[in-house]
Structures are given as C-alpha cells and as structure tokens.
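# Survey of secondary and tertiary structure
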Amino acid sequence: MKFATALVVTATLAAAAQAAEPRDNVASREKNMKTNKFALAIHGGAGTMDRSKMTPEREREYRAGLERALKAGYDLLKSGGTSLDATEAAVRVMEDDPNFNAGRGAVFNNAGRNEMDAAIMDGKTSNAGAVTNLWHVKNPISLARLVMEKSKHVFLAGEGAEEFAKQNGVELTRDQKYFYTESRWQALQRMKANEEGGGGGNKYIISDEDRHGTVGAVALDVHGDLAASTSTGGTTNKKAGRIGDSPVIGAGTYASNASCAVSATGDGEFFIRATVARDVAALMEYRGVKLLEAAQAALDKAKKLGGEGGLVAVDRAGNLALPFNTSGMYRGHVDSGGEFVVEIYK
Ligand code: ASP
C-alpha cells in the first residue's frame, strides 16, 4: 500500500475510469465478484479554502486525519468486510478527530451547544437509519446504524434518539467539554459579533471553515454492495433544532445497489431542496446517466438554487466521483489497487 499525492484532478480520474465501465449492471457485478474489486471515497467537508490561511502543520493534520479514515475503511473492505461497516468505520475516525465538524469537533449552534446529525444507508436492502439533534452521542453514525438495524423506524430526533441510544448501550457523554474545541467556539463568537454588527462582513471575515463542514463516506464492497454514511455538527450559529441535509435520506445521504451511493456536504438548506443525493441516483436509474455526470448535474441544481458544496459517490462498477463547486473539499479515495489519494484543493 502506498500513499500518493494526487497529480491529477479526481474528476478526470473518475471520467477515465468510467470510459472503461461495462454498460451492463450484471456484467459489472460479476466482474466485482471475480476481481474482488472494492472502492471507498470519503469527504471531510467542502467550502472556500484559502491556501494562504492554511499552515503546513494544519494541512498535515487534515491529511493525516483523512488517511486514517481511509485506512480504517480500506482494512475492512480488503478483508471482505461490508460497505456498511467500512463507511461507518471511516466516519467514526473523522467523528473522533477534532479537526472535522462531526462528533468531537462539531460546531456550535446559536445556543452555544453542539447539536449533531447523521445518517447511514444500505444499498443492498434500501434500509436506512438517521438521527438528528443529538447532544451527548460521541459517534452519531453508529447510533444511526442502530436505528436502522434495531428499530422499526428510519429517523429519530433529540431526546427520543438519545433514550434509544441508552437502551442500546451507546456511550453518551455527560461532559459537554468532550465536544468543545476552542476554534469552533471562537467561530461562533465571530459569527454572533458579525450578526450584531449588521452582517456587513467588513469587520469580521467569516470563513467557510468557521461556518460548516461535514464528514462522509461511500463504498462498494467485494460482495458488490454499496453503502453511504454521513455525519455532521451542521452549521455554526444555526438555530437550535435546525436540521441540515446530512441526516435527510435522499438529500445528504443515499445508497442503492440499483445506482450508486452518495454522501454530500454543503449548504444544507439548498441540498435538501434540491434532493441532491437522490437526484444522482435517479439520473442513473431512470436515465442511464453515468456517475460523474449525474453527480455534477445534481450539484448544478443545488447551485442554481443558491447552494454550494460537493459530494462523494461510487457506483457498482467501482467508479468514483468526488465533484465540488467550492474552492476545496477535504477528500480521499482508495480502491482494491491499494493507492491512497488525499486531496484538499481543486
Ligand atoms: N451540509 C451540512 C449542513 O447543512 C453542512 C456542510 O456540509 O458543510 O448541516
């Protein structure tokens, strides 16, 4: 296995891979079984990323975090594990990493609390689990999985979701300091001050890093099954109770063996209205559009409404797409070839 710095734009890679894709779904499935092909793509949020503000040390931390997440998923996929397990494992690593806006590093809402959302979807069965407005769950993605597997519901919120967590032995932290990161707290103060100052934006420059971020993973396993996982703290200074696209099935998260698995990141309100993740799948399912083209079209639709961001997606032939319409997206991918690629900027 080797870590490589990508020299080519990921989209170009994906396009090249797609040119070789067998048209027939059955043929690609058989190919997967024979070759033991698997693929994994992750993201750690998209937005305006100013290289001049990124110190070499920060950049190393982000890259190392992404590599750790990729490695967790890769190890499972390589030993025949499922795409569900791999995406959950990759997301858990990023939830535990204070640099990413999910789990431990979640941003603060306008009440000064960390309020988290997550969703997971199994492409094989179309089962899904989602949780929102969590305050004490260290790994929201694993609670989403439990909702999928141990309840008859898809979506649980707030106190009910945390009660369900307790009943199922999920670790809840009573110490809110676990979720405290100084930089996220300062970001909330800057945004509040900006609001008070009329939001003119001249005095306080609000960077995208201050505002949002999300983590996600999509995978194809050697059994030919797809899965998607997404987890987030949402947006800094969001109203208490606000829910973004990440836990909404079909908006920020979607997976179906009939088409692809998608995890999105971006301006949640617009991604919900544009049903971004489901649009990628629907274009493939109903129109036979290829993965990258479908992903691009779904992002374009959100952008027309006013929302920017990106997504990671994989189809059953193992093609990957990691498009975004911001200046950067923390992202990475690896497949059965074992070459790890981690990128931040365009
Ligand atoms: N989509 C997330 C939300 O709106 C934020 C992000 O991905 O940047 O909650």
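One can find the structure itself at the top, above this paragraph.
Cut-offs and rules
Residues numbered from 1 in each chain as written. Predicted model: local features only at pLDDT ≥ 70, side-chain atom pairs only at ≥ 80, totals over all residues. Heavy atoms only, no water. Pairing = 2+ DSSP bridges. Helix = DSSP H or I, 4+ residues; strand = E, 2+ residues; numbered from the N terminus. Contact = heavy atoms within 4.5 Å. Axes fitted to C-alpha atoms, helices over the stretch in contact; angles between N-to-C directions. Phe/Tyr/Trp six-rings, centres within 6.5 Å; stacked < 30°, edge-to-face > 60°. Buried < 20%, exposed > 50% of the residue type's maximum accessible area, 1.4 Å probe, protein only. Lys NZ or Arg CZ within 6 Å of the ring centre and 35° of its normal.

## Points about the sheet that holds strand E11 (residues 320-321)
On the basis of which strands lie adjacent, the open sheet formed by four strands has the order E8-E9-E10-E11 and antiparallel pairing. Each end of this open sheet is capped by a strand with a single partner; those strands are strand E8 (253-255) and E11. Those strands touched by helix H10 (residues 276-287) are E8, strand E9 (260-266) and strand E10 (309-315), and its axis lies near 145° from that of E9. Sheet strands in contact with helix H11 (residues 291-305) are E9, E10 and E11, and its direction is about 155° off that of E10.

## What to know about the packing of aromatic side chains
What the rule picks out here adds up to nine aromatic pairs. Here Tyr178 and Phe179 contribute two aromatic rings whose centre-to-centre distance is 5.0 Å and whose plane-to-plane angle is 90°, an arrangement assigned as edge-to-face. Accessibility expressed as a relative area gives 22% for Tyr178, which makes it partly exposed. The buried category is assigned to Phe179, whose relative accessible area is 0%. A connected cluster of aromatic rings, assembled from ring pairs, spans Phe38, Tyr74 and Phe340. Over the ring of Trp135 we find Arg113, and its NZ or CZ is 4.0 Å from the ring centre. The ring of Tyr178 carries the charged tip of Lys138 above its face, separated from the ring centre by 4.7 Å.

## With respect to the environment of Glu88
With respect to the helices, strands and loops of the structure, Glu88 is situated in helix H4 (residues 83-95). A relative accessible area of 14% means that Glu88 is categorised as buried. Residues Glu88 and Ala227 lie 139 residues apart in sequence; the distance between their C-alpha atoms is 9.2 Å. Filtering out sequence-adjacent residues up to four positions away, Glu88 remains in contact with Ile120, Ile141, Ser142, Arg145 and Ser229.

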